[in-house]
Amino acid sequence: MWIKIIIVLVFIGIVASLGSGLFYLVNDKGDSRRTLRALTWRIGLSIGLFIFLMVGYYFGWFQPNSRLPY
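Residues numbered from 1 in each chain as written. Predicted model: local features only at pLDDT ≥ 70, side-chain atom pairs only at ≥ 80, totals over all residues. Heavy atoms only, no water.

1. A word on the packing of aromatic side chains
At step 1: This model, assessed by the stated rule, comprises 5 aromatic pairs.
At step 2: Seen in terms of ring centroids, W2 and W61 are 6.2 Å apart; in terms of plane orientation they differ by 55°. Their pairing is tilted. One end of the pair, W2, is in helix α1 (residues 2–28); the other, W61, is in the segment after α2 (34–59), and 59 residues separate them in sequence.
At step 3: Relative accessible area serves as the criterion here: at 42%, W61 is assigned to the partly exposed category.
At step 4: Ring centres 5.2 Å apart and planes at 75° place the aromatic pair Y58 and F59 in the edge-to-face group. (Phe/Tyr/Trp six-rings, centres within 6.5 Å; stacked < 30°, edge-to-face > 60°. Helix = DSSP H or I, 4+ residues; strand = E, 2+ residues; numbered from the N terminus. Buried < 20%, exposed > 50% of the residue type's maximum accessible area, 1.4 Å probe, protein only.)

This is the structure in structure tokens:
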């Protein structure tokens, strides 16, 4: 259960960073580096989540869903 919470929190962080990047892009008119910083955080969180998922699968913390309808 704690793995799902971590994944959801990181995903919320990714979406929040994307939203703040859009906000800074619209409001700053390209005069600051806040847009770049926000989007860099988004990329870092996305890569971190991907690595976490690969490590979790490798160590058997979770398995792919095997209850498919076919």
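On we go from here.
2. Regarding α2
At step 1: Taking 1.5 Å per residue as the helical rise, α2 with its 26 residues ought to reach 38 Å, and the 37 Å between its terminal C-alpha atoms agrees with that figure.
At step 2: When we look at burial in α2, the residues that qualify are T35, A38, L49, F52 and G56.
At step 3: Taken from the residues just after α2, G60 is the one with a positive phi, measuring 80°. (Expected span 1.5 Å × (residues − 1).)

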